[in-house]
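Understanding the architecture of this molecule
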Amino acid sequence: MCGIVGYIGEKNSVPVLIEGLKRLEYRGYDSAGIGIINTTECKVIKTKGKVAELEKLVQSENIKSNLGIGHTRWATHGEPSMKNAHPHMNEDKTMFLIHNGIIENYVSLKKGLLEEGYKFVSETDTEVLAHLIDHYLKIKNNLFQAVRYALNEVEGTYGIAVIYKNEPDKIVVAKKGSPLVIGIGKNENFIASDVNALIAHTSQVVYMEDGEIAEIFKDHFQAKTIADENIIKEIHEVDLSIDELSKGGYPHYMLKEIMEQPDSLFNSMRGRLVLKEGISKLGGLQGFEERIANSDRIIISACGTSWHAALVGEYMLEQYTGIPVEVEYASEFRYRHPIITPNDTVIFISQSGETADTLAALKEAKKKGALCLGICNVVGSSIARESEAGVYIHAGPEIGVASTKAFTSQLLVLSLITLLIARRKSLNQPEGQEIIEELQKLTHKVELILKQNELIEKIAAQYVECRNFLYLGRGYHFPVALEGALKLKEISYIHAEGYPAAEMKHGPIALIDDDMPVVFIATKDSVYEKVVNNIEEVKARKGRILAIVNEDDNEIEKLVDHVIKVPKTINMLQPILSVIPLQLLAYHIAVKKGLNVDQPRNLAKSVTVE
Ligand code: F6R
């Protein structure tokens, strides 16, 4: 979603803001803007499009200032345009506001402000908040209090930063439902919606919590509750290097992240396997193992790719622990009056840890007394902090909008949780050891798949013109079919659907002709023969088939147009391997279509609005 960055200190804020916005561009990117205040002027520069456009404009203006805020926007209210871009401001252009989130009661607030005589130039909810702050600024004559009073009237979500000409020694920030971090420097401080924007300058950060508001000065900050009570905030050290945020010689983040999977998977399991005992050790779940193992039910809730990981988790946990598992879209779960009891364990999976629907579902489950666990990638993210316990996947920063390495690491962590719980149930030590041995062989097997990148690129070239795709798989590979289809549609804009292979005959088979490519995930598991039957059914209708098969499979290639071979592992871990060719297929098709794979249209990396 939208990205926020701000600077106060002794340097020129402008390059800091531009560089920070570039690092946030993956979050949302239909327009961008900065606002600065210096001794002689207050200036806002904004543009539709990329941060690079903004940078050109800023350079031509040659402005300098020790105080500034910047924003990349992902449109919610009002089309992407210069007038809707942030910062928004008061009528005399002395106070600037950037905002991430949605002001839900903006219509009624706007009505009141219109009656007061305020004029609006944009269609955004943010401009309503800017005028509301201005309204209180006129009464209170104090920026912090004006922001606080205005926010007391706001329903919805926000991460905001405000600067004001008459108080040029501070940035006022506040948070509710959208991430906001303060970066602590020496004689300079920063703010951002994401630590990625700060990491070039400082590793010391303060995470703002919902309902908090703060004044940031160049050499200190003061945080309060929205009710004006002082609070002491803890400073955290972030373990992230600037190298981890670069493309490392790859043309796209997505390819880099796909190629990083041997390392990211290794990091997800590092220090967590005890071969001798056939167990996994997850520090984040310490003390909660019994409660999870004795749960009546496990619910896993997530969105998008993380929801696909949840589905694989359902198969794993039910197979090995015997605990009934349900998987829920977080967006449905939160509004559906779900029946949850204190005997349930609810696992929330989120790469970013900031997805609004997942966070809201977590709060709902917490209210009902369930044990709430988080599986997140971003350390210190909202879902990680709100959960009672949890496991970081340690996949490293994922910048490409399409999730790849986070997905495989989520599956890996789910397998570790499965092992942890299953060993307290009926799984014996040799069985646990067998799983660990397979886990240990995984990274080498991933390397073998990645070596086929050129072959996959050649295969992709033959499918670039297709307008529709079906992805079919059974058992553990049904969720992989869904994930393969999602990867393709989000970056190549080709319509693709995933189905359980056996469902094909209940409808989708009508679509099959020589124009319809079907991707089968057909590795050798208990339903292999049945999937081969489904392949025959498609073949009989002249469909084009690409199959993901095991290395030792010489039968399916006689039936289909193309095969990509993956090494064999135990069923539970096979999705980690079979999804990788599908990531590469989607990547190469999108690149060959000339599309921007890292920043696909209409999508944002971190969906912090409902
Ligand atoms: C797809 C993708 C999205 C996310 C979804 C949830 O490639 O990235 O579908 O998986 O928006 O995001 P997180 O995992 O951050 O909660």
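Residues numbered from 1 in each chain as written. Predicted model: local features only at pLDDT ≥ 70, side-chain atom pairs only at ≥ 80, totals over all residues. Heavy atoms only, no water.

Right, let's talk about the nonpolar core for a bit. Among the nonpolar cores identified, the biggest contains 93 residues, and Leu 285, Ile 300, Ile 349, Leu 439, Phe 469 and Tyr 471 are the most heavily contacted of them. It is helix H13 (residues 405-422) that contributes the most residues to this core, twelve residues altogether. Counting the residues that make up this core, at least three belong to each of domain 2 (248-449) and domain 3 (452-610). Setting aside residues up to four positions removed in sequence, Leu 439 forms contacts with Met 269, Leu 273, Leu 412, Ser 415, Leu 416 and Leu 573. Formed by 30 residues, the second largest nonpolar core is a distinct cluster that contains Tyr 106, Ile 133, Tyr 136 and Val 147. (Core = buried A, V, L, I, M, F, W, Y, C linked by side-chain atoms within 4.5 Å. Buried < 20%, exposed > 50% of the residue type's maximum accessible area, 1.4 Å probe, protein only. Helix = DSSP H or I, 4+ residues; strand = E, 2+ residues; numbered from the N terminus. Domains from an automatic or database assignment. Contact = heavy atoms within 4.5 Å.)

For the rest of this paragraph, the subject is the domain arrangement of the protein. Domain annotation of the protein identifies domain 1 (2-243), domain 2 (248-449) and domain 3 (452-610). Using only C-alpha atoms to locate each centre, domain 1 and domain 2 end up separated by 34 Å. Across the contact, eleven residues belong to domain 1 and eleven residues belong to domain 2. Taken together, the connections running from domain 1 to domain 2 amount to two salt bridges. Linking domain 1 with domain 2 are three residue pairs in polar contact (both at pLDDT 80 or more), by the criterion used here. Residue classes in the side of domain 1 that touches domain 2 are distributed as six nonpolar, one polar and four charged. (Salt bridge = Lys/Arg side-chain N within 4 Å of Asp/Glu carboxyl O. Polar contact = N/O pair within 3.5 Å; in protein donor to acceptor, adjacent residues only side chain to side chain. Nonpolar A, V, L, I, M, F, W, Y, C, P; charged D, E, K, R; others polar.)

Another point: the packing of helix H14 (residues 429-450) against helix H19 (residues 574-592). Viewed as axis vectors pointing N to C, H14 and H19 meet at an angle of 25°, and their least axial separation amounts to 10 Å. Relative to H19, the element H14 lies roughly parallel. Read as a crossing pair, H14 and H19 show a hand that is right-handed. Together, Leu 442, Lys 445, Val 446, Ile 449 and Leu 450 of H14 and Ile 576, Leu 577, Ile 580, Pro 581 and Leu 584 of H19 make up the contact between the two elements. Each residue belonging to the contact of H14 with H19 can be placed in one class, and the counts come to nine nonpolar, no polar and one charged. (Axes fitted to C-alpha atoms, helices over the stretch in contact; angles between N-to-C directions. Parallel < 35°, antiparallel > 145°, perpendicular 65-115°, else oblique. Left-handed = near helix turned anticlockwise from the far one by under 90°.)

What follows deals with a negative patch on the surface. A contiguous patch of negative charge on the surface is contributed by Glu 237, Asp 239, Asp 243 and Glu 244. By secondary structure assignment, the location of Glu 244 is in the loop between strand E15 (236-237) and helix H6 (253-259). Since its relative accessible area comes to 33%, Glu 244 is described here as partly exposed. (Patch = residues over 30% accessible without salt bridge, like charges linked within 9 Å, V, L, I, M, F, W, Y side chains within 5 Å. Areas by Shrake-Rupley, 256 points an atom, 1.4 Å probe, with all protein chains shown as cover. Lys, Arg positive; Asp, Glu negative; His and termini not counted. Charge placed at Lys NZ, Arg CZ, Asp CG, Glu CD.)

A few words now on the site of the ligand. Taken together, the neighbourhood of the ligand is formed by 15 residues, with Ser 306, Ser 350, Ser 352, Thr 355 and Glu 490 sitting nearest. At 2.7 Å, a backbone N or O of Gln 351 approaches an oxygen atom of the ligand. Between the ligand and Val 401 there is a distance of 3.3 Å, counted from an oxygen atom to a backbone nitrogen or oxygen. Coverage of the ligand by the protein chains reaches 90% of its 410 Å² of free accessible surface. Contributing elements (two or more residues each) for the shell around the ligand: helix H9 (304-321) and helix H16 (477-492). Tallied by class, the residues present in the shell around the ligand amount to five nonpolar, eight polar and two charged. (Near = heavy atom within 4 Å.)

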